[in-house]
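# Coordinate inspection notes
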Amino acid sequence: MKTVEFYHLLKNCGIDFFSGVPCTLLEGLIAMASLDSKVIYVPAVREDVAVAVASGAYLGGRYSCVFMQNSGLGNCLNVLASLNLIYKIPVCLVISWRGFKGKDAPEHLIMGRSTKKLLQDIRIPATVLSKKYLETQTLSLVEKMKKNNIPVALLLRKGILV
Amino acid sequence: MTRLEAIKIIAKHLKTKEATIIANGMISREMFAVMDGEFNFYMLGSMGMASSIGLGLALSKPNIKVVVLDGDGNLLMSFGVLANIVDAKIKNFLHIVLDNEAYESTGRQDSVTRTIDLAKIARSCGYKRVYKVSSPNILSKIIKKLILEKTLSFLLVKVGAKGKTFNLPRISSSPEAIKERFIRFLR
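On a predicted model such as this, the values are computed, not experimentally measured, just so you know. (Residues numbered from 1 in each chain as written. Chains lettered and ligands numbered in written order. Predicted model: local features only at pLDDT ≥ 70, side-chain atom pairs only at ≥ 80, totals over all residues. Heavy atoms only, no water.)

## Quick look at the overall build of chain B
Helices and strands together make up the secondary structure of chain B, namely eight helices and eight strands. A compact globule built from 187 residues would reach a C-alpha radius of gyration of about 16 Å, and chain B, at 15 Å, matches this within 12%. With the C-alpha coordinates aligned to their principal axes, the bounding extent of chain B is approximately 40 × 40 × 30 Å. Relative to its full complement of 187 residues, chain B shows a buried share of 59%. In chain B, the proportion of contacts linking residues at least 24 apart, taken out of those at least 6 apart, comes to 73%. (Helix = DSSP H or I, 4+ residues; strand = E, 2+ residues; numbered from the N terminus. Rg over C-alpha atoms; globule rule 2.2 N^0.38 Å. Buried < 20%, exposed > 50% of the residue type's maximum accessible area, 1.4 Å probe, protein only. Contact = heavy atoms within 4.5 Å.)

Pasting the structure below:
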């Protein structure tokens, strides 16, 4: 799927507020959100700030998407565990997966092998996006997010979006 | 002026039309005891995040005033958010920081606002109106003014060490109930 198609897929799910901290794998999505006059994009100073800002947007009536590299997931554990998961504030996390299958620079290897388990441990439903089923995976997880008012995570590997 | 005295003055002037995000710890518990209402969003945890939540809300609802009742320890933990707040160019935001130079809920350990001045920092970041107060009368005058203004404002309230509030009830609502009530208020 093209990056622009995925971006519109997210918007068609009712998402019109975005925040995040960049990753090269998310460059295209961030560029689109920040240039789109129909949405709000907050270039957050830290990943937990992005999640909290998105949570404020939810209180204000919007659905949000937060972009981050998996290295930033650790920075959000407190806000996810003591805000989103207990107050039941939904947010769609699009997390780029560095260190996938142990092939990457050293700083990515530990989070690369731990990302899925961390999400599982704190009970955030997560899907590893595949080229073939990306659309149904996204629609299904965003629906779960809205139905249960919980954070969900779409894991994006290199090469999935073109 | 104790923190509780400051909260009583602030509560008196919030006209119950202002959506208020309140930092975790004694600040939330004291506000709950002084003036509970559906306009209050109490943080039970996620220290440091109150002002970020306020930012997201203020951006989503530009026609309401958002008040953040923050603490010094809270703000220090997430300092960078001051830059996000100013960069967003919002006008419907009043950022109040109750600064007792301590982490009270955990045993009153010192915080580093004993050395640094958060008002100077807010001013350097670019908040349009910045005030630093320590007297109840001046707090009353300034808060009355700032509630009505449509400007990004920062109010540092220095409060004293005396007067730990005893018999302070814990917040009786569940986090989900706090959220539901707040969302209903905003609709």
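Picking up after the structure, the text goes on.
## Observations concerning the environment of A:Phe17
Mapped onto the fold, A:Phe17 is located in strand E1 (residues 15-20). For the pair formed by A:Phe17 and A:Arg62, sequence separation is 45 residues and the distance between their alpha carbons is 6.7 Å.

## Examining the pattern of salt bridges
Tallying each qualifying case throughout the model produces 15 salt bridges over all chains. Residues joined by salt bridges that share partners form a network here, namely B:Arg3, B:Glu30, B:Glu104 and B:Arg108. (Salt bridge = Lys/Arg side-chain N within 4 Å of Asp/Glu carboxyl O.)

## Points about the packing of helix H3 (residues 47-59) of chain A against helix H4 (residues 77-87) of chain A
Residue and element names in this part refer to chain A. Here H3 crosses H4 at 10 degrees, and the two axes come no closer than 10 Å. Between H3 and H4, the angle falls in the class roughly parallel. Here the hand of the crossing between H3 and H4 comes out right-handed. Contacts between H3 and H4 involve Asp48, Val51, Ala52 and Ser55 from the first element and Val79, Leu80, Leu83 and Asn84 from the second. Here the residues of the contact of H3 with H4 are counted per class, giving five nonpolar, two polar and one charged. (Axes fitted to C-alpha atoms, helices over the stretch in contact; angles between N-to-C directions. Parallel < 35°, antiparallel > 145°, perpendicular 65-115°, else oblique. Left-handed = near helix turned anticlockwise from the far one by under 90°. Nonpolar A, V, L, I, M, F, W, Y, C, P; charged D, E, K, R; others polar.)

## Looking at the environment of B:Glu176
As for its position among the elements, B:Glu176 is in helix H8 (residues 175-186). Linking B:Glu176 and B:Ser52, residues 124 residues apart in sequence, is a C-alpha distance of 19 Å. Setting aside its immediate chain neighbours within four residues, B:Glu176 contacts A:Ile86, A:Tyr87 and A:Lys88.

## Focus: the interface of chain B and chain A
Taken together, the contacts link 29 residues of chain B with 26 residues of chain A. Between chain B and chain A lies a buried interface of about 2,100 Å² when both sides are counted; carbon and sulfur atoms form 66% of it. Taken together, the links from chain B to chain A amount to zero salt bridges. One can count six residue pairs in polar contact (both at pLDDT 80 or more) joining chain B with chain A. Of all the elements in the fold, those that place two or more residues in the side of chain B that touches chain A are strand E2 (40-42), helix H3 (50-60), helix H5 (81-87) and H8 of chain B. Of the residues belonging to the side of chain B that touches chain A, the class tally is 16 nonpolar, eight polar and five charged. (Buried area = accessible area lost by both parts, 1.4 Å probe. Polar contact = N/O pair within 3.5 Å; in protein donor to acceptor, adjacent residues only side chain to side chain.)

## Side note on unusual backbone geometry
Here the phi dihedral of A:Arg123 falls at roughly 60 degrees; this positive angle occurs in a residue that is not glycine. Using a relative accessible area of 70% as the deciding quantity, one classes A:Arg123 as exposed. At B:Arg108, a residue that is not glycine, the phi angle is positive and equals roughly 65 degrees. Summarising the element assignment, B:Arg108 is placed in the loop between strand E5 (102-103) and strand E6 (109-110).

## A closer look at the nonpolar core
The tendency in soluble globular proteins is for nonpolar side chains to be buried side by side. Formed by 95 residues in total, the largest nonpolar core has its most connected members in B:Ile21, B:Phe41 and B:Phe154. Counting residues per element, this core draws most heavily on H3(A), which supplies nine residues. Discounting residues that sit within four places of it in the chain, B:Phe41 has contacts with A:Leu59, A:Leu83, A:Tyr87, A:Ile89, B:Thr20, B:Ile21, B:Ile22, B:Ile53, B:Ile178, B:Lys179 and B:Phe182. (Core = buried A, V, L, I, M, F, W, Y, C linked by side-chain atoms within 4.5 Å.)

## Overview of the sheet that holds strand E5 (residues 126-128) of chain A
Residue and element names in this part refer to chain A. With parallel pairing, the six strands of this open sheet are ordered in space as E2-E1-E3-E4-E6-E5. The open sheet terminates on both sides in strands that have one partner only, identified here as strand E2 (40-43) and E5. Looking at each pair of strands side by side, their axes are set apart by 20 degrees on average, direction ignored. Contacting E1, strand E3 (63-69), strand E4 (91-96) and strand E6 (151-156), helix H1 (residues 3-12) crosses the sheet at an angle of about 120 degrees to E1. (Pairing = 2+ DSSP bridges.)

## Comments concerning the side chain of A:Thr138
Residue and element names in this part refer to chain A. Relative to the helices and strands, Thr138 is located in helix H6 (residues 134-148). With a relative accessible area of 0%, Thr138 lands in the buried category. Within polar-contact distance, the side chain of Thr138 engages the backbone oxygen of Leu134 at 2.8 Å. In this structure, Thr138 is in contact with Phe6, Leu9, Leu10, Leu129 and Leu154, ignoring residues within four places of it in sequence.

## Describing the packing of aromatic side chains
Scanning all chains against the criterion turns up ten aromatic pairs over all chains. Judged by centre distance (4.7 Å) and plane angle (70 degrees), the rings of A:Trp97 and A:Phe100 are edge-to-face. Taking 5.2 Å as the distance between ring centres and 75 degrees as the angle between the ring planes, the aromatic pair formed by B:Tyr127 and B:Phe154 counts as edge-to-face. Residue B:Tyr127 is found in the loop between helix H6 (118-125) and strand E7 (129-133), and its partner B:Phe154 is found in strand E8 (residues 153-158); the two are separated by 27 residues along the sequence. What makes B:Phe154 buried here is its relative accessible area of 0%. Put simply, the rings of A:Tyr87, B:Phe39, B:Phe41, B:Phe182 and B:Phe185 touch in pairs and so form one group of aromatic residues. Lying across the ring of A:Phe100, A:Arg157 places its NZ or CZ 5.2 Å from the centre. (Phe/Tyr/Trp six-rings, centres within 6.5 Å; stacked < 30°, edge-to-face > 60°. Lys NZ or Arg CZ within 6 Å of the ring centre and 35° of its normal.)

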